[in-house]
Amino acid sequence: ARASVERPPDLNPLAIEAISWASDSNVKAELEEATRLLAIDSLVRKYCGNGAQEFFQVHEQFHGLRLVQQVCRHIDVPSVLSDALMLCDAFKYVSRVDTCVTIIQRTML
């Protein structure tokens, strides 16, 4: 139970460093995908809670869209814009323009 409450260490800096070490393009592509998944996992934990990653399916478009919507609800978080745009880059089917408009609309309310 304690493991689900505590955030795991941030592995993103290690993953980025590993990408710089990779000499083979296939290995580099695998590391880039793993880094993308680590970043998504980190945002799922940040905005939905540590237990949410067990239910989140990165290959489900609906889950990606709902995650972006959930992030956009947190306009009080200083990194909300960069987090939302990172998700737009991670999920190619999510519009950057629509995401920015959503954040602006929520800010104005």
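Before reading further, recall that the structure is shown in the block above.
No experiment lies behind these values; they were computed from the predicted model shown.

**Re a nonpolar patch on the surface**
Residues Leu11, Leu14 and Leu38 make up a contiguous nonpolar surface patch of roughly 250 Å² in combined accessible area. Mapping Leu14 onto the fold places it in helix H2 (residues 12-21).

**Examining the packing of helix H5 (residues 80-90) against helix H6 (residues 96-108)**
Closest axis-to-axis distance for the H5/H6 pair is 10 Å, and the angle between their directions is 155°. It follows from the interaxial angle that H5 and H6 lie roughly antiparallel. Classified by chirality, the crossing of H6 by H5 is right-handed. Contacts between H5 and H6 involve Val80, Leu81, Ala84, Leu85, Cys88 and Asp89 from the first element and Arg96, Thr99, Cys100 and Ile103 from the second. Its residues placed into classes, the contact of H5 with H6 shows seven nonpolar, one polar and two charged.

**Overview of the nonpolar core**
The biggest cluster of nonpolar side chains holds 19 residues, and the ones touching the most others in it are Ile40, Leu67, Val71, Leu87 and Phe91. At the level of elements, helix H3 (25-48), helix H4 (61-72) and H5 are the ones that each hand at least two residues to this core. Element by element, the count of residues in this core is highest for H5, at five residues. Dropping the residues within four chain positions of it, Ile40 is found in contact with Phe56, Val58, Leu67, Met86, Leu87, Ala90 and Phe91.

**Some points on the side chain of Asp83**
Looking at where Asp83 falls in the secondary structure, it is placed in helix H5. A distance of 2.5 Å separates polar atoms of two side chains, one belonging to Asp83 and the other to Tyr47. With residues up to four places along the chain from it excluded, the contact list for Asp83 reads Leu43, Lys46, Tyr47 and Val71.

**Side note on H5**
All of the buried residues along H5 are Val80, Asp83, Ala84, Leu85, Leu87, Cys88 and Ala90. Contacts made by the buried residues of H5 are with H3, H4 and H6.

**A look at the environment of Lys92**
Along the chain, the position of Lys92 falls in the loop between H5 and H6. Once the C-alpha coordinates of Lys92 and Gln61 are considered, the two residues, 31 residues apart in sequence, prove to be 9.8 Å apart. Only 2.9 Å separates the side chain of Lys92 from the backbone oxygen of Asp89, close enough to count as a polar contact.

**Considering the packing of aromatic side chains**
Using the criterion set out here, one finds two aromatic pairs in the structure. Among the aromatic side chains, those forming a connected cluster through ring pairs are Phe56, Phe91 and Tyr93.

Rules and cut-offs
- Residues numbered from 1 in each chain as written.
- Predicted model: local features only at pLDDT ≥ 70, side-chain atom pairs only at ≥ 80, totals over all residues.
- Heavy atoms only, no water.
- Patch = residues over 30% accessible without salt bridge, like charges linked within 9 Å, V, L, I, M, F, W, Y side chains within 5 Å.
- Areas by Shrake-Rupley, 256 points an atom, 1.4 Å probe, with all protein chains shown as cover.
- Salt bridge = Lys/Arg side-chain N within 4 Å of Asp/Glu carboxyl O.
- Helix = DSSP H or I, 4+ residues; strand = E, 2+ residues; numbered from the N terminus.
- Axes fitted to C-alpha atoms, helices over the stretch in contact; angles between N-to-C directions.
- Parallel < 35°, antiparallel > 145°, perpendicular 65-115°, else oblique.
- Left-handed = near helix turned anticlockwise from the far one by under 90°.
- Contact = heavy atoms within 4.5 Å.
- Nonpolar A, V, L, I, M, F, W, Y, C, P; charged D, E, K, R; others polar.
- Core = buried A, V, L, I, M, F, W, Y, C linked by side-chain atoms within 4.5 Å.
- Buried < 20%, exposed > 50% of the residue type's maximum accessible area, 1.4 Å probe, protein only.
- Polar contact = N/O pair within 3.5 Å; in protein donor to acceptor, adjacent residues only side chain to side chain.
- Phe/Tyr/Trp six-rings, centres within 6.5 Å; stacked < 30°, edge-to-face > 60°.

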